[in-house]
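Results of the structural survey
This is what each chain is made of:
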Amino acid sequence: MHIIENGNVAAAMGIRLCRATVIAAYPITPQTPLTEKLSEYIDSGQMKAEYIPVESEHSAMAVCIAAASAGARVSTATSANGLLYMHEQVQWASGARLPIVMCVVNRAVGAPWNIWNDQQDSISQRDTGWMQLYCADHQQIIDTVIKAYWIAEKSSIPVMVCYDGYILSHTYMPFELPDQDKVDLFLPPFRPDYALSTTEPANLNTVTLPDTRVDVHGELAHGYMEIRYLLQEDLRNSLGIIAQAQERFSDIFGRGADPYLEPYLCEDARYVALGMGSLTYQLRVCVDALRAEGIKVGVMGLRVYRPFPDEALAAALKGKKGVIVFEKALSYGYEGALASDLKAALYEWLAGTGALPRVRGFIAGIGGRDIRTAELTSTLREAILDKTPAGPSWIGLNL
Amino acid sequence: MGTRNYRRKTSHSESGPGDGGRTGSWRVERPVVDRSICIPARRGKEACFICWLFCPEIVVSRTIPPTIDLEYCKGCGICAEECPTKAITMVDEASFADEDKE
Amino acid sequence: MSAKSTILSLPREEYVHPGTRACSGCGLAIAYRVGLKALGEDTMLVVPPSCLTVLQGLFPVAATKLPCLNVTFASTAAAATGIIAALKTQGNDHTTVAAWAGDGGTSDIGLQALSGAAERGDNFIYFCYDNEGYMNTGVQRSGTTPAGAITANTPFRGKPQQKKDVPAIMAAHHLSYVATCSAAYPLDLYDKVKNCLQYPGAKYFHIHIPCPPGWGYEPRHGIRIGRLAVETGYFDLYEIINGKLTLTAASEKLLEKRKLVPVREYFRAQSRFKVLTDEQIEEIQKQIDEKWEGYYSMG
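Since this is a predicted model, take the numbers as computed values, not measurements.

Some details on the pairing of strand E5 (residues 125–130) of chain C
All names here are of chain C. Among the six residues in E5, six count as buried, and that is most of the element. Burial of the side chains of E5 extends over both faces: Ile125, Phe127 and Tyr129 are buried on one face and Tyr126, Cys128 and Asp130 on the other. Sheet analysis places strand E4 (residues 96–102) next to E5, joined by five bridges and oriented parallel. Directly across from Ala99, in E5, lies its bridge partner Tyr126. In this structure, E5 lies alongside strand E7 (residues 203–208), joined through six bridges in parallel fashion. What sits directly across from Asp130, in E7, is His208.

Here you go:
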């Protein structure tokens, strides 16, 4: 069934379809309509779940961690400073190997206060051991939420579903609302490998020593380092689980192709623009304009940021003359996060092969600064023609 | 079990004694129960058991008479202090050194 | 309160193993052991960073036999909420959820989450074990450290601020059940835990915990010092049920006796109060006497 709704509602519908049973959330712009919709569903009985009106985001994630530890399928959502406030808990959730799904409605971080869109909030959490999936439109939002639960529960790793605040959260688009029956087929009930139990009691996540130590059965148990390594190993292996999820999703819903990348006119392109989120669709307009000028350029949308699909990206960009990265966040003190990660991946797979593309990075839209398509196009053209003027690589800066 | 079982990927502890090791080695003095003074011992039936109640380490048994699990007793002396008939005395560990060697 | 327990009527079942890393003579160990006896097997525990984290055992050995979730410092009460929510969705309304947090994790960093959970009316028991400082990390001052106490942060002049009255804060949330207890009165603690289970929403327990290294006394005197705190009228044992306060156990007896042990005996028994002057102690004695005049006139 095709409907027209806003991005936040699309996300809420996804969570409802996935039959999450415990929702804990704290209001923050621009996430609020998402949790309000969930409250509507729960209060009216359309969704059988407990809605916990927590007193902070730190507690929101605490409730999710505890409820997931007790075997419930949980969800929360937040933005910007709310995400930053729960950072301690975000780290905790992945270390505790809990399949929590959280929607991050991307918003700029303070200081100073800013409620508009950029991706600094989720990007600042890229090292936490969570998976990060980025959406470019409403269909992707609802589909990704559904896939996220399957991926999280299969790998026992929490997943962030990220989409642009206001640009996607508050705008209306048509999309296909998946059938409940098909979602139930895709996503069976949550059966945790272990949940808090009075019949099989255990003490979870207590102090763990640097060295390995013998357990109550006389066997050598893992130390902290092994537990952390296994998280990393499973994160890297979940690139495979993400691909599996996409295959199953395509089978059941007939949508989606590549699990990691969304290319547009990239096959014969000599230059590729790269981005995450709604910006990649805006870049298609720029690509069309430059193609009309005879420049062979395409744009690649990156759907999965963590785990980083280094091999897939390197394979897709191999032999291209240049990659121009546009992003709405950076690792302060160095450069754009995506640009950095991309360079590392390309170097790892293509250095010395002669097929290593040149990478240029640009920062745009910080704090919701309007990204004018004309400016985007001219920046892309200049970068391709190697005519980028000296100065900051921030588009739309007004110094 | 395999090292990649879910419980091995998390900090999952099952219960057992002696997490702190042989905490009896912490002692500098150990409690000694005089059965001729101890109330349940004298009466031959359940009574008092204040030592059992207040032992922080749960090493005093609720038996007639109470016995001390020296593997874990830390020698805090609360049992001796609280015993209403002063049936428990704290005795220097050094005096048991030879005994323990046997 | 219903029938009073005796030592012989206490269940024999132990829910903690011996040989923990707790200090010799730890007051918490006594309270925790009896508390768990009252809670029973059908219980899930939540524990933030604190002495109990260590007492409960380091991975992979657990000293506690009950299921337990270790959580971050500020999130104890929120985690309890989460477990309750999950159990509810699984149709389980019989398992007791009990949080055990230290005074720092309750009155300072954990207060926000505790207030939230209390306001939400979540059905769990919250135990604050108050050894009056951040003892696990080396005796730093907390919100419930009494005025004048020497701690690692107040090493020469003692803590200038007053002890935070957390039970009063929790009572102001209109909880159905608030209680104060002491490790020195384990039977009173046992009975109160049993009694609270019939009341809805969050139940709050504030347990006074003597601490040998933190308070400065010989471990063997722990119970005596805990008793002195109550017999001097300094720390009172009570229940506030639906807003009505009733003194219990030794505090109740003081109502009849009308004679408080001078509080200087309590202070002089602990080296952490060595910088309290006689004048300061006199001032505190006056405050205690006034408080008790209030109790006497309550009738």
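Some remarks on the sheet that holds strand E13 (residues 271–275) of chain A
All names here are of chain A. On the basis of which strands lie adjacent, the open sheet formed by five strands has the order E12-E14-E13-E16-E17 and mixed pairing. Each end of this open sheet is capped by a strand with a single partner; those strands are strand E12 (261–264) and strand E17 (358–363). Sheet twist, expressed as the average angle between the axes of neighbouring strands with direction ignored, equals 20 degrees. Relative to strand E14 (residues 297–302), E13 runs parallel, the two sharing five bridges. The residue bridging Val272 from the neighbouring strand is Gly298, located in E14. Packed on one face of the sheet, helix H12 (residues 337–350) meets E13, E14, strand E16 (322–327) and E17 and runs near 150 degrees to E16.

A word on unusual backbone geometry
Look at the link from Ala111 of chain A to Pro112 of chain A: it is a cis peptide, with omega at -10 degrees. By secondary structure assignment, the location of Pro112 of chain A is in the loop between strand E5 (101–106) and helix H6 (120–123). Here the amide bond leading from Ile64 of chain B into Pro65 of chain B is cis, since omega sits at -5 degrees, within 30 degrees of zero. Not every positive phi belongs to a glycine, and Asn205 of chain A is a case in point at roughly 60 degrees. Tracing the backbone shows Asn205 of chain A in the loop between strand E9 (203–204) and strand E10 (213–214). Owing to a relative accessible area of 17%, Asn205 of chain A belongs among the buried residues under this scheme. Residues other than glycine seldom take positive phi values, yet Phe49 of chain B does so here, at roughly 65 degrees. Tracing the backbone shows Phe49 of chain B in the loop between helix H2 (39–43) and helix H3 (50–54). You can call Phe49 of chain B buried: its relative accessible area is 1%.

Thoughts on the interface of chain B and chain C
Between chain B and chain C, the residue contacts involve 38 residues of the former and 41 residues of the latter. By the criterion of area lost to chain C, the three top residues of chain B are Asp19, Leu53 and Ile58 of chain B, representing 21% of everything that side buries. Between chain B and chain C we count four salt bridges in total. A salt bridge links Glu81 of chain B to Arg220 of chain C; the nearest nitrogen and oxygen atoms lie 2.8 Å apart. Applying the counting rule to chain B against chain C returns 21 residue pairs in polar contact (both at pLDDT 80 or more). Where the side of chain B that touches chain C is concerned, the elements lending two or more residues are strand E1 (12–15), H3 and helix H4 (78–82) of chain B. Of the residues contributing to the side of chain B that touches chain C, the split by class is 18 nonpolar, twelve polar and eight charged. In this structure, E1 of chain B lies alongside strand E2 (residues 61–62) of chain C, joined through two bridges in parallel fashion. By the bridge assignment for E2 of chain C, Glu14 of chain B is matched with Val61 of chain C.

A closer look at the interface of chain B and chain A
Where the parts come together, the accessible area they lose is often given as the size of the interface. Between chain B and chain A, the contact holds 15 residues from the first and 26 residues from the second. The junction of chain B with chain A conceals about 1800 Å² of combined surface from both sides, 44% of it contributed by carbon and sulfur atoms. Connecting chain B to chain A are four salt bridges. The shortest N-O distance in the salt bridge between Lys9 of chain B and Asp234 of chain A comes to 2.7 Å. In this structure, the connection of chain B to chain A is made through eleven residue pairs in polar contact (both at pLDDT 80 or more). Of the residues assigned to the side of chain B that touches chain A, the class counts are two nonpolar, seven polar and six charged. Sheet analysis places E9 of chain A next to E1 of chain B, joined by two bridges and oriented antiparallel. Along E1 of chain B, the bridge assignment pairs Asn203 of chain A with Ser13 of chain B.

Some thoughts on the packing of aromatic side chains
Residue and element names in this part refer to chain A. Using the criterion set out here, one finds 22 aromatic pairs over all chains in the structure. Ring centres of Phe326 and Phe362 lie 5.7 Å apart, and the angle between their planes is 20 degrees; this geometry places the pair in the stacked category. Taken as a pair, Phe326 in strand E16 and Phe362 in strand E17 lie far apart in primary sequence, 36 residues in all. In this pair, the class of Phe326 matches that of Phe362, namely buried.

Some points on helix H3 (residues 76–89) of chain C
Residue and element names in this part refer to chain C. If you check H3, its first and last C-alpha atoms are 20 Å apart, about what 14 residues at 1.5 Å a residue would give, namely 20 Å. Of all the 14 residues making up H3, twelve are buried; the element is thus mostly covered by neighbouring parts of the structure. Of the residues making up H3, those classed as buried are Thr76, Ala77, Ala78, Ala79, Ala80, Thr81, Gly82, Ile83, Ile84, Ala85, Ala86 and Leu87. Of the residues trailing H3, Gly91 is marked for its positive phi of about 75 degrees.

Comments concerning the packing of helix H7 (residues 138–155) of chain A against helix H9 (residues 224–253) of chain A
Residue and element names in this part refer to chain A. Packing of H7 against H9 brings their axes to within 10 Å, and their N-to-C directions diverge by 135 degrees. Of the possible angle classes, the one that applies to H7 and H9 is oblique. Two packed elements cross with a definite hand, and for H7 against H9 that hand is right-handed. Taken together, the residues of H9 that come into contact with H7 (itself represented by Asp143, Ile146, Lys147, Trp150, Ile151, Lys154 and Ser155) are Ser238, Ile241, Ile242, Gln244, Ala245, Gln246, Arg248 and Phe249. Classifying every residue of the contact of H7 with H9 gives seven nonpolar, four polar and four charged.

Looking at the sheet that holds strand E9 (residues 244–247) of chain C
To summarise the sheet geometry, strands pair through backbone hydrogen bonds and adopt either a parallel or an antiparallel arrangement. Strand order in the open sheet made by the eleven strands is E2(C)-E1(B)-E9(A)-E3(C)-E1(C)-E4(C)-E5(C)-E7(C)-E6(C)-E8(C)-E9(C), with mixed pairing throughout. Strand pairing shows two members of the sheet lacking a second neighbour, E2 and E9 of chain C, which therefore form its edges.

What to know about the pattern of salt bridges
Going through the model one piece at a time under the given rule, you end up with 41 salt bridges over all chains. Asp268 of chain A is paired through a salt bridge with Arg291 of chain A; the nearest N and O atoms lie 2.9 Å apart. Here Asp268 of chain A, found in the loop between E12 and E13, pairs with Arg291 of chain A, found in helix H10 (residues 279–292); they are 23 residues apart in sequence, far enough to count as distant. On the basis of relative accessibility, which here comes to 41%, the residue Asp268 of chain A falls in the partly exposed class. Across the pair Lys74 of chain B and Glu57 of chain B runs a salt bridge whose closest N-O atoms are separated by 2.9 Å. Taken as a pair, Lys74 of chain B in the loop between H3 and H4 and Glu57 of chain B in the loop between H3 and H4 lie far apart in primary sequence, 17 residues in all. Since its relative accessible area comes to 6%, Glu57 of chain B is described here as buried. A single salt-bridge network, built from bridges that share partners, covers Asp130, Glu132, Lys163 and Arg272 of chain C.

Cut-offs applied
Residues numbered from 1 in each chain as written. Chains lettered and ligands numbered in written order. Predicted model: local features only at pLDDT ≥ 70, side-chain atom pairs only at ≥ 80, totals over all residues. Heavy atoms only, no water. Buried < 20%, exposed > 50% of the residue type's maximum accessible area, 1.4 Å probe, protein only. Helix = DSSP H or I, 4+ residues; strand = E, 2+ residues; numbered from the N terminus. Pairing = 2+ DSSP bridges. Axes fitted to C-alpha atoms, helices over the stretch in contact; angles between N-to-C directions. Contact = heavy atoms within 4.5 Å. Buried area = accessible area lost by both parts, 1.4 Å probe. Salt bridge = Lys/Arg side-chain N within 4 Å of Asp/Glu carboxyl O. Polar contact = N/O pair within 3.5 Å; in protein donor to acceptor, adjacent residues only side chain to side chain. Nonpolar A, V, L, I, M, F, W, Y, C, P; charged D, E, K, R; others polar. Phe/Tyr/Trp six-rings, centres within 6.5 Å; stacked < 30°, edge-to-face > 60°. Expected span 1.5 Å × (residues − 1). Parallel < 35°, antiparallel > 145°, perpendicular 65-115°, else oblique. Left-handed = near helix turned anticlockwise from the far one by under 90°.

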